[in-house]
Amino acid sequence: MVAEATADCYNESEKTTGFYTMIDEHLDLPCEVVIGGAPMTLERIKVTEDDTIEAVCASGRHRQNTSVLELKFVAPLPAGYEWVEAYRLWKNTPAGQA
């Protein structure tokens, strides 16, 4: 999955965009997640100017943006969650080893 998301990418920014594209295309939204122990609904994802893939979550009127790396998915797992897991693996792998 890492190779698929980062194919034809020349730098870290392009690789992040590749993962964003795969997550955006495959993750079934909205879905239930937990952030810091609080249940929330993941409504959408976006890429920030500093190349972070960010989750836009809600709980009632409360809105919270956080890195998708902070998400814990709730069963039943949504279709496409594995793209977030592949991104997590890529981000946590030392440079040159992924």
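That block above? That's the structure.
Residues numbered from 1 in each chain as written. Predicted model: local features only at pLDDT ≥ 70, side-chain atom pairs only at ≥ 80, totals over all residues. Heavy atoms only, no water.

Draft legend 1. Quick look at the sheet that holds strand E3 (residues 53-59). With antiparallel pairing, five strands are arranged side by side in an open sheet as E4-E3-E2-E1-E5. Pairing within the sheet leaves two strands with one partner each, and these edge strands are strand E4 (62-67) and strand E5 (72-73). Helix H2 (residues 12-26) rests against strand E2 (38-47) and E3 of the sheet, and its axis sits at about 125 degrees to E2. (Pairing = 2+ DSSP bridges. Helix = DSSP H or I, 4+ residues; strand = E, 2+ residues; numbered from the N terminus. Contact = heavy atoms within 4.5 Å. Axes fitted to C-alpha atoms, helices over the stretch in contact; angles between N-to-C directions.)

Draft legend 2. A look at the packing of aromatic side chains. Counted by the stated rule, this structure contains four aromatic pairs. Note on Tyr87 and Trp90: the rings are 6.0 Å apart at their centroids and 35 degrees apart in plane angle, and the pair reads as tilted. In this pair, Tyr87 and Trp90 are both assigned in helix H3 (residues 81-91), three residues apart and thus about one turn of the helix distant. We note that Tyr87, like Trp90, is buried. Ring pairs connect the aromatic residues Phe19, Tyr87 and Trp90, which therefore count as one cluster. (Phe/Tyr/Trp six-rings, centres within 6.5 Å; stacked < 30°, edge-to-face > 60°. Buried < 20%, exposed > 50% of the residue type's maximum accessible area, 1.4 Å probe, protein only.)

Draft legend 3. The side chain of Thr48, seen in detail. In this structure, Thr48 sits in the loop between E2 and E3. For Thr48, the side chain forms a polar contact with the side chain of Asp50, separated by 2.3 Å. (Polar contact = N/O pair within 3.5 Å; in protein donor to acceptor, adjacent residues only side chain to side chain.)

Draft legend 4. Local environment of H2. A rise of 1.5 Å per residue sets the reference length of H2, with its 15 residues, at 21 Å; its end C-alpha atoms lie 21 Å apart and thus fit the reference within 8%. Elements that come into contact with the buried residues of H2 comprise helix H1 (2-6), E2, E3 and H3. Measuring from the backbone nitrogen of Ser13 back to the side-chain oxygen at the start of H2 gives 3.1 Å, which picks out Asn11 as the cap. (Expected span 1.5 Å × (residues − 1).)

Draft legend 5. View of the environment of Gln64. Relative to the elements of secondary structure, Gln64 occurs in strand E4. Judged by relative accessible area, Gln64 falls into the partly exposed class, the value being 26%. Ignoring anything within four residues of it in the chain, the contact list for Gln64 reads Ile35, Met40, Ala55, Val56 and Cys57.

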